[in-house]
Amino acid sequence: MIGQMDEDKIKEGVRLLLEGIGEDPLREGLRETPERIARMYEEIFAGMRQSAAVPLAKTFQTQDADLVLEKDIVFYSVCEHHLLPFYGKAHVAYIPDGKVAGLSKLARTVEVYARRPQLQERLTVQIADAVMEYLKPKGTMVLLEAEHMCMTMRGVRQPGSTTVTFAARGIFEENEPLQNRFFQMVRS
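What you are looking at is a predicted structure, and each value in this text was computed from that prediction instead of being measured.

A. Spotlight on helix α6 (residues 176-187). Taking 1.5 Å per residue, 12 residues should reach 16 Å; α6 reaches 16 Å between its end C-alpha atoms and fits that length. Among all positions of α6, only L178, Q179, F182 and V186 are buried. Around the axis of α6, the buried residues are gathered within 100° of arc, so they sit on the same side. Residues of α6 that are exposed and angled more than 90 degrees away from the buried face: E176, P177, Q184 and R187. Next to the buried residues of α6 lie β2 (68-79), β3 (85-95), β6 (139-148) and β7 (163-170). Its side-chain oxygen at 2.9 Å from the backbone nitrogen of L178, N175 defines the N-terminal cap of α6.

Written out as structure tokens, the structure reads:
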């Protein structure tokens, strides 16, 4: 995690960007845009100053718990290559080893990592690694499905195309029947 955002630098950067594309940053509709963008960045990049340790610290003791799946967690992130949004759904499963997380905690963990300049591949791995580190389950599996605006509104212009990434840790890594169970649960 890094320090506070520099609101003045963001505002100056937006002014320079507007000038760079041939706009007048003092035009009526654009005068307050640098301030709006700075406030927006505080929100959409809030994960830069957060740790998954916080949401995953709230656990409950359990015995004989089987696979836990939180699916269809909606997330929004920003591609670090083009600074354009990508968004989709995350599916996070784990097999507890004596403790479970509160139900909202997996969604909050996804949000911590999604609210950073990001690559979908890295986001998937960060979520899986955080679950393993902080919950210490027998294993975890994470699947992300996302549409990337850098592919839909520019470049190849393929709206509706979806990128799918997954990460398996612990007993999910080599256990194909367990992986298939996860995929079936996600699709049901």
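After that view, the rundown keeps rolling.
B. Spatial organisation of the packing of aromatic side chains. Scanning all chains against the criterion turns up five aromatic pairs. Each ring, one from F75 and one from F86, has its centre 6.1 Å from the other, and the planes form 80°; the classification is edge-to-face. Separated by 11 residues along the polypeptide, F75 in strand β2 and F86 in strand β3 bring together distant segments of the chain. The exposure class of F75 is buried, given its relative accessible area of 3%. Owing to a relative accessible area of 1%, F86 belongs among the buried residues under this scheme. A network of ring pairs unites the aromatic residues F166, F182 and F183 as a single cluster.

C. Expanded view of the state of the cysteines. Considering all chains together, one arrives at zero disulfides under this definition. Left unpaired, C79 is separated from the closest cysteine sulfur, that of C150, by 4.1 Å. Classification of C79 as buried rests on a relative accessible area of 6%. On the accessibility criterion, C150 (10% relative accessible area) is buried.

About the thresholds
Residues numbered from 1 in each chain as written. Predicted model: local features only at pLDDT ≥ 70, side-chain atom pairs only at ≥ 80, totals over all residues. Heavy atoms only, no water. Helix = DSSP H or I, 4+ residues; strand = E, 2+ residues; numbered from the N terminus. Expected span 1.5 Å × (residues − 1). Buried < 20%, exposed > 50% of the residue type's maximum accessible area, 1.4 Å probe, protein only. Arc of directions from axis to C-beta. Contact = heavy atoms within 4.5 Å. Polar contact = N/O pair within 3.5 Å; in protein donor to acceptor, adjacent residues only side chain to side chain. Phe/Tyr/Trp six-rings, centres within 6.5 Å; stacked < 30°, edge-to-face > 60°. Disulfide = S-S within 2.5 Å.

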